[in-house]
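Analysis of the macromolecular model
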Amino acid sequence: MKAGGIAKICLFDIQICMNWSALNFDWNQARAFLVTAETGSFSAAARALNMTQPTLGRQVAGFERALDIVLFERIGRKLELTPAGKDMLVHLRAMGDGAIAANLTASGRSENITGEVCISVTDIFAVYSMPAIVADLRRIAPQVQIKVLAANTLSDLQRREADIAVRHVAPTQPDLIARKVRTSTGHLYASKAYLDRYRPIHTPDDLVGAEVIGIDNAEQLVAFLQDWGLPVTAANLSIRGDSGVASWEFARRGLGIMPMTRDVAGFFPDMQMVLPGLKPVEVPYWLTVHRELHSSKRIRLVYDHLAQVLGRKYLPGPV
């Protein structure tokens, strides 16, 4: 389990119908210990659970008193689990997994169309296409509350970080249902200002000295561009960040060349395709949902609408 995963889990209002008194502890204290163990500090756990650090510390201390064991020890500024704490963490993780599974099953069986649906998308898709999609959903089903999670990392649907995800890679988890609803192409783009300043680009070799703008991992980006047949090294990466929207704006301001899908670049006539004869990269769109949630009437409505929109020839653009 990822460090932040259990913190996300514990933000859900999960009612676990068990006789905690027979176990000599309550779930709030157990949850405080679980999130602290996963995040590695009282301060991070307090932020994840939206409570003050002293309150969280009291809950963890109460959990230790109830069990009559020591769960953490301080080594310098770090918290370390004791052997008893490690054993307890294993059991509580299993309990958390069971609670999430029960919650997923209940949500999947719900026939109530009122409530929230969380959709995980990239930040570029969130900014340029989701406003029009959400506007349509609000018109079709105003009782559904839409939460858009804009992230360039994969949300964990099994941990209920989102209900539906639009991804460019197929999921590998067996509990997820995925449908490839669209295929776009990726190309290189730059502003006219940059192309006027840089020398003419007629072949990939002309990119040797070019400034390249990318997202996140430099090593992965260089490997991707080199596999594409481009003579690019880490020295070409002039600007990099974790925001696709910000990186695209840097490219629009004439700061370098950037790979982008034709879906997005088509909204910006100020951006010109570089090396139009270069073989494009296929960019699939996978619509993904947990199999338990696929039977929820509310989530199915949103899922079907996304499938319909993504299946069109053109995606909705900025509004």
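Heads up: the structure comes first, above all this text.
Just so we're clear, the structure is a prediction, and the values are computed from it rather than from any experiment. (Residues numbered from 1 in each chain as written. Predicted model: local features only at pLDDT ≥ 70, side-chain atom pairs only at ≥ 80, totals over all residues. Heavy atoms only, no water.)

Structural notes on the overall build of the protein
- When its secondary structure is counted, the protein shows 13 helices and 11 strands.
- Across the protein, every contact between residues at least 6 apart in sequence was considered, and the portion connecting residues at least 24 apart equals 74%.
- Total accessible area computed for the protein in this model is approximately 16300 Å², and 53% of it derives from carbon and sulfur atoms. (Helix = DSSP H or I, 4+ residues; strand = E, 2+ residues; numbered from the N terminus. Contact = heavy atoms within 4.5 Å. Areas by Shrake-Rupley, 256 points an atom, 1.4 Å probe, with all protein chains shown as cover.)

Focus on the pairing of strand β6 (residues 176-191)
- Here 10 bridges tie β6 to strand β11 (residues 281-290), and the two strands are oriented antiparallel to one another. Following the sheet pairing, T185 is matched in β11 by E282.
- The pairing of β6 with strand β9 (residues 258-261) spans four bridges and is antiparallel. Looking at the pairing, Y189 lines up with M258 of β9.
- With four bridges joining them, β6 and strand β10 (residues 271-274) adopt antiparallel strand pairing. Each bridged residue has a counterpart across the sheet, and for Y189 the counterpart in β10 is M273. (Pairing = 2+ DSSP bridges.)

A short note on the packing of aromatic side chains
- Here the structure, examined in full by the defined rule, presents nine aromatic pairs.
- Ring centres of F33 and F72 lie 5.4 Å apart, and the angle between their planes is 50 degrees; on these two criteria the pair is classed as tilted. Within this pair, whereas F33 is found in helix α3 (residues 27-39), its partner F72 is found in strand β1 (residues 72-75), the two being separated by 39 residues in sequence. Each member of the pair, F33 together with F72, is buried. (Phe/Tyr/Trp six-rings, centres within 6.5 Å; stacked < 30°, edge-to-face > 60°. Buried < 20%, exposed > 50% of the residue type's maximum accessible area, 1.4 Å probe, protein only.)

With respect to α3
- Counted at 1.5 Å a residue, the expected span for α3 with its 13 residues is 18 Å, and the 18 Å between its end C-alpha atoms agrees.
- For α3, the tally of buried residues reaches 11 of 13 residues, placing the bulk of the element in the interior.
- Listed in full, the buried residues belonging to α3 are W27, Q29, A30, R31, A32, F33, L34, V35, T36, A37 and E38.
- Remark: G40 follows α3 within two positions and exhibits a positive phi of approximately 90 degrees. (Expected span 1.5 Å × (residues − 1).)

Read these as layout, nothing more, since geometry by itself doesn't imply function.
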